[in-house]
Every structure is written in structure tokens, then in C-alpha cells.
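Chain and residue survey
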Amino acid sequence: MEASQELGRFRRLVELLLEWHGQNARRLPWRETSDPYKLLVAEKLLQQTRAEQALRAYLKIVGKWPTPCDLSKASLRSLERVLKPLGFYRFRAKELVRIAESLCRGGVGEEGLRLLPGVGDYIYAAVLAACFGKPVLAVDTNISRLLARVLHGEESLTGRAAKRYYTAFSPVLEEFGPRAVNYALLDFSSAVCRRASPKCDACPVSGMCGYYQRISAAPSKAR
């Protein structure tokens, strides 16, 4: 698929998903802030964790330690108690304190963000989009699956393809807003375009989805 054609298909996908998202967006407190500290806390909690579980821990952390300097002084034991229901709580606690210490020493800009401990490609892109308004796509496994299915009729993207999509759709992200686009794709891939039992028959983008066209054309035994 040519880049211009792919960009056009992505733009149409975004239009449909933003319309869907207007009625189906998840209301989560970290989506209402542009504070890098709070976004970083949320993203670290969301790793391999459902949003509902992460929400409980997030509210406790930002309630008890509302600034990075507050969290940098937290005892690991007290933070671990909050994080224990999420799993990997000792590791998470250490990373969060290290991030808070770095932020407390002087805040964070776009360049410094990537150097923070525990900030990989996905978290970097997610915070760039949500806090700094940069036209980048935060591609996690859910969004990777959605793009693979709709644009390519496949189940997943290669690592190289997924990485390319961080910036390949920048014009569309600039047009519609990176925060809105990222959250719409994330919620849709979680609620409808699921890994197991996707809701294809109720999907508003099935008409342009290569994956749906492929499985619809397949014999029923192969579905």
C-alpha cells in the first residue's frame, strides 16, 4: 500500500473512531490533565494492568503524593502497599520513585522525558502526545492489532512497521489532535477490536477493515 493511500485510510479510520468515541470514551482522571508527572504515574501503572485496577492506585498515589517532590520522599514500603494489587509492585515502586526524583530535580521537557528511568517508546509517545501536543501515535499491542487488521488484514504488525507508525500519520494527528486520536484508538481497540472475540458485527469500521473482509470471505469452519 502506498504511503498516501495508507494515510488516507488512516484518516478515514480516525474520523469513524472519533465519532464512536464521542459516545464511548472511558472517563479517566489522567486524561483530563497535561501534568507530565501525573501522566507518567498513570502510564507506569497501566503497564500490563487493566485501567480499572490502575485507577484505584492512581487516585491513592496522586492523593497522597500530589507532586513529584512528594513522591520522591515516599518510603518504598508505603508505595509498595498501594501498588501490591497490581503485581510487580516492588519494581514499580522503585521506578516511580526514580522518575519522581528526576522530575523533582528540574521538571521535564520533551528531550529529558526520554531519559527518565523506565520510559520506553510507548510511554514516551503517549506523554509527548498528551502533555506536549506532539503529533505522534503511541502504538501499544492493542493499537498495533487495530492498525494491522484494518489497514493490512493481518493479526499483528512487525516491530519495524509498528515503530514506523509513531510518526507516519503525523498530518492526521495534527488535524484531529494527538490526544483525541490516541485515546479513541486505544479505547476502540480495547472495547471492540479485541484480541479474542472481536466485535466485528458491531464494528463501525468493518466496511474498510481488511481483516473483516478476509474472515467474512473465509469458509465458516475457518473462522
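Check the entry above for the structure.
Keep in mind it's a predicted model, so treat the numbers as computed, not measured. (Residues numbered from 1 in each chain as written. Predicted model: local features only at pLDDT ≥ 70, side-chain atom pairs only at ≥ 80, totals over all residues. Heavy atoms only, no water.)

This part takes up the side chain of Glu 43. The topology assignment puts Glu 43 in helix 2 (residues 36-46). Buried and unpaired, Glu 43 has no salt bridge, with Arg 31 as the nearest side chain of opposite charge at 7.6 Å. For Glu 43, the contacting residues outside a window of four places in its chain are Tyr 122, Ile 123 and Ala 126. (Helix = DSSP H or I, 4+ residues; strand = E, 2+ residues; numbered from the N terminus. Buried < 20%, exposed > 50% of the residue type's maximum accessible area, 1.4 Å probe, protein only. Lys, Arg positive; Asp, Glu negative; His and termini not counted. Salt bridge = Lys/Arg side-chain N within 4 Å of Asp/Glu carboxyl O. Contact = heavy atoms within 4.5 Å.)

As a further point, take the pattern of salt bridges. For the structure on display, the rule yields 11 salt bridges. A salt bridge links Glu 15 to Arg 11; the nearest nitrogen and oxygen atoms lie 2.5 Å apart. Placement of both Glu 15 and Arg 11 in helix 1 (residues 3-24) is noted, with a separation of 4 residues, approximately one turn of the helix. Among the ionic pairs, Glu 52 bridges to Arg 50, the shortest N-O distance being 3.4 Å. Owing to a relative accessible area of 44%, Glu 52 belongs among the partly exposed residues under this scheme. Taken together, the shared-partner salt bridges connect Arg 11, Arg 12, Glu 15 and Glu 175 into one network.

The full count for this structure, using the stated rule, is 1 cavity of 30 Å³ or more. By volume, the largest cavity is sized at about 80 Å³. What lines the largest cavity is a set of 15 residues, among which Cys 193, Cys 200, Cys 203, Val 205 and Cys 209 lie closest to the centre. The greatest single-element share of the lining of the largest cavity, amounting to 3 residues, is contributed by helix 9 (residues 141-152). (1 Å grid on protein atoms, 1.4 Å probe; cavity = no way out; pocket = protein on both sides within 12 Å on 5 of 7 lines; lining within 4 Å. Points joined across faces, edges and corners; volume = space filled by probe spheres on them.)

Purely geometric numbers; function is a separate question.
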